[in-house]
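Notes for the structure review
One-letter residues, chain by chain:
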Amino acid sequence: MTAGDRPTSASWCLVSESLPEVAEAVAWATTPDTGALVTFTGTVRDYAPGYAAVTAITYEAFEAAAVDRLEAIAAAAREAWPQVNRIALWHRTGEVALGEASVQVVVSTPHRVDAFVIARFCIDVIKSTLPVWKYEHTGEESGWSMTGTEATSVEEAVQAWLDTHQERS
Amino acid sequence: MPTLLMFAIAREASGLSHDTFEATTVGELLDLARSRYGQRFAQVLESSRVWVNGEEMSSPDLVLHPDDEVAVIPPVAGG
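Now for the overall build of chain B. Along the backbone of chain B there are three helices and five strands. Element order for chain B, N to C, with α for helix and β for strand: β-α-β-α-α-β-β-β. Over its C-alpha atoms chain B spans a radius of gyration of 11 Å, differing by no more than 12% from the 12 Å that the globule rule assigns to 79 residues. Structurally, chain B occupies a C-alpha span of about 30 × 30 × 20 Å along its principal axes. Residue pairs at least 24 apart in sequence account for 52% of intrachain contacts in chain B once pairs closer than 6 positions are excluded. For chain B, the accessible surface area stands at approximately 3,800 Å², while carbon and sulfur atoms represent 51% of it.

Laid out in structure tokens, this is it:
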């Protein structure tokens, strides 16, 4: 992806088989009023409940709904923390090898505390709302993730998160 | 005709990622899907959420329009 493909809006949400390098999001998110930038990367790990020696995960997504939900999560973050500068929320689909990134959150703000809190908020709400499924590949017993949670609406997940994280600014 | 989208374990249980049904309500569509795909699909449906056009089904009595998309959403595991 070239710089010309970066969005002109304050949120950059992608659900795709191939994602840009995280450096692209970092460069895009570093606006002149940015003093803090947090990146969270979720990577494929070699074990999961019920599975040992995981070599890759295939991510299946309801892509159109997943992109809509990422946009809604970014909008909810902006409503709760109007001081946020930019938010990139990316999720990969298809087969992702051990050690590779499956999910990427990049948040820029004027001050560091907000950047950490908002990035945490975004990944937590992604986990409970995004219509994405993991198929764990191992040398022996491959299968669907056993740790799935019932998908809640973005509104419900945002409210639940805010209710349990009173330290928000 | 309304479309049913099926993902992950629901897709495996039916053998299809999408299908169409002559149904007037969501409940009716799901009943037809259960009889079309059988017991394993019915079991997966028990533990899944049902969305209509990207949002949680408000009621099984919801009336469907020809372009509506009903989706079977098994427990999610993103990240």
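Core analysis: the largest hydrophobic core is formed by 41 residues, its most contacted members being Ile73, Leu89, Phe121 and Cys122 of chain A. Listing elements by their share of this core, those giving two or more residues are β1 (11-16), β2 (36-43), β3 (54-61), α2 (63-80), β4 (86-92), β6 (101-109), α3 (112-129) and α4 (154-164) of chain A. Of the residues forming this core, the biggest block, nine residues, is contributed by α3 of chain A. Met6, Ala33, Val52 and Leu64 of chain B belong to the second largest nonpolar core, which has 19 residues in total.

Moving on, we come to the interface of chain A and chain B. Contacts between the two partners involve 25 residues from chain A and, on the opposite side, 21 residues from chain B. Carbon and sulfur atoms supply 59% of the area buried between chain A and chain B, which totals about 1,900 Å² over both sides. Together, Phe62, Trp133 and Trp144 of chain A form the three largest contributors to the area buried by chain A at its contact with chain B, with a combined 32%. Where chain A meets chain B, there are three salt bridges. Put simply, chain A and chain B have 13 residue pairs in polar contact (both at pLDDT 80 or more) between them. Among the secondary structure elements, those contributing two or more residues to the side of chain A that touches chain B are β3, α2, β6, α3 and β7 (132-138) of chain A. At four residues, β7 of chain A tops the list of elements feeding residues into the side of chain A that touches chain B. By residue class, the composition of the side of chain A that touches chain B is twelve nonpolar, eight polar and five charged.

This part covers the sheet that holds strand β1 (residues 3-6) of chain B. Each strand in a sheet pairs with its neighbour through backbone hydrogen bonds, running either in the same direction (parallel) or in the opposite one (antiparallel). Pairing within the open sheet is mixed, and its five strands lie in the order β2-β1-β5-β3-β4 (chain B). The sheet terminates laterally at β2 (18-20) and β4 (55-56) of chain B, the two strands that pair on one side only.

Mapped onto the fold, Ser153 of chain A is located in the loop between β8 (143-144) and α4. Contact partners of Ser153 of chain A, with chain neighbours within four places excluded, come to Arg69 and Thr129 of chain A.

Moving on: the sheet that holds β3 of chain A. All names here are of chain A. Across the sheet, which stays open at both edges, the four strands sit in the order β5-β3-β7-β8 with antiparallel pairing between neighbours. Edge positions in the sheet fall to β5 (94-97) and β8, since each of these pairs with one other strand and no more. For β7 and β8, the ladder comprises two bridges, and the chain directions are antiparallel. Its bridge partner lying in β8, Tyr135 is registered against Trp144.

Attention shifts here to the packing of aromatic side chains. Scanning the model with the defined rule gives eleven aromatic pairs over all chains in all. Seen in terms of ring centroids, Tyr135 of chain A and Trp144 of chain A are 5.1 Å apart; in terms of plane orientation they differ by 85°. Their pairing is edge-to-face. Judged by its relative accessible area of 15%, Trp144 of chain A is buried. Ring pairing ties together the aromatic residues Phe62 and Trp133 of chain A together with Phe7 and Trp51 of chain B, which thus form one cluster.

A separate point is unusual backbone geometry. The phi angle at Ala53 of chain A is positive, at roughly 55°, despite the residue not being glycine. Looking at the element boundaries, Ala53 of chain A is found in the loop between β2 and β3. Judged by relative accessible area, Ala53 of chain A falls into the exposed class, the value being 51%. Look at Ala8 of chain B: it is not a glycine, yet its phi comes out positive at around 50°. Here Ala8 of chain B lies in helix α1 (residues 8-14).

Residues and elements named next belong to chain A. For the structure shown, the criterion picks out zero disulfides over all chains. Of all cysteine sulfurs in the structure, the one in Cys122 sits closest to Cys13, which takes part in no disulfide; the separation is 8.7 Å. The buried category is assigned to Cys13, whose relative accessible area is 10%.

What counts and how
Residues numbered from 1 in each chain as written. Chains lettered and ligands numbered in written order. Predicted model: local features only at pLDDT ≥ 70, side-chain atom pairs only at ≥ 80, totals over all residues. Heavy atoms only, no water. Helix = DSSP H or I, 4+ residues; strand = E, 2+ residues; numbered from the N terminus. Rg over C-alpha atoms; globule rule 2.2 N^0.38 Å. Contact = heavy atoms within 4.5 Å. Areas by Shrake-Rupley, 256 points an atom, 1.4 Å probe, with all protein chains shown as cover. Core = buried A, V, L, I, M, F, W, Y, C linked by side-chain atoms within 4.5 Å. Buried < 20%, exposed > 50% of the residue type's maximum accessible area, 1.4 Å probe, protein only. Buried area = accessible area lost by both parts, 1.4 Å probe. Salt bridge = Lys/Arg side-chain N within 4 Å of Asp/Glu carboxyl O. Polar contact = N/O pair within 3.5 Å; in protein donor to acceptor, adjacent residues only side chain to side chain. Nonpolar A, V, L, I, M, F, W, Y, C, P; charged D, E, K, R; others polar. Pairing = 2+ DSSP bridges. Phe/Tyr/Trp six-rings, centres within 6.5 Å; stacked < 30°, edge-to-face > 60°. Disulfide = S-S within 2.5 Å.

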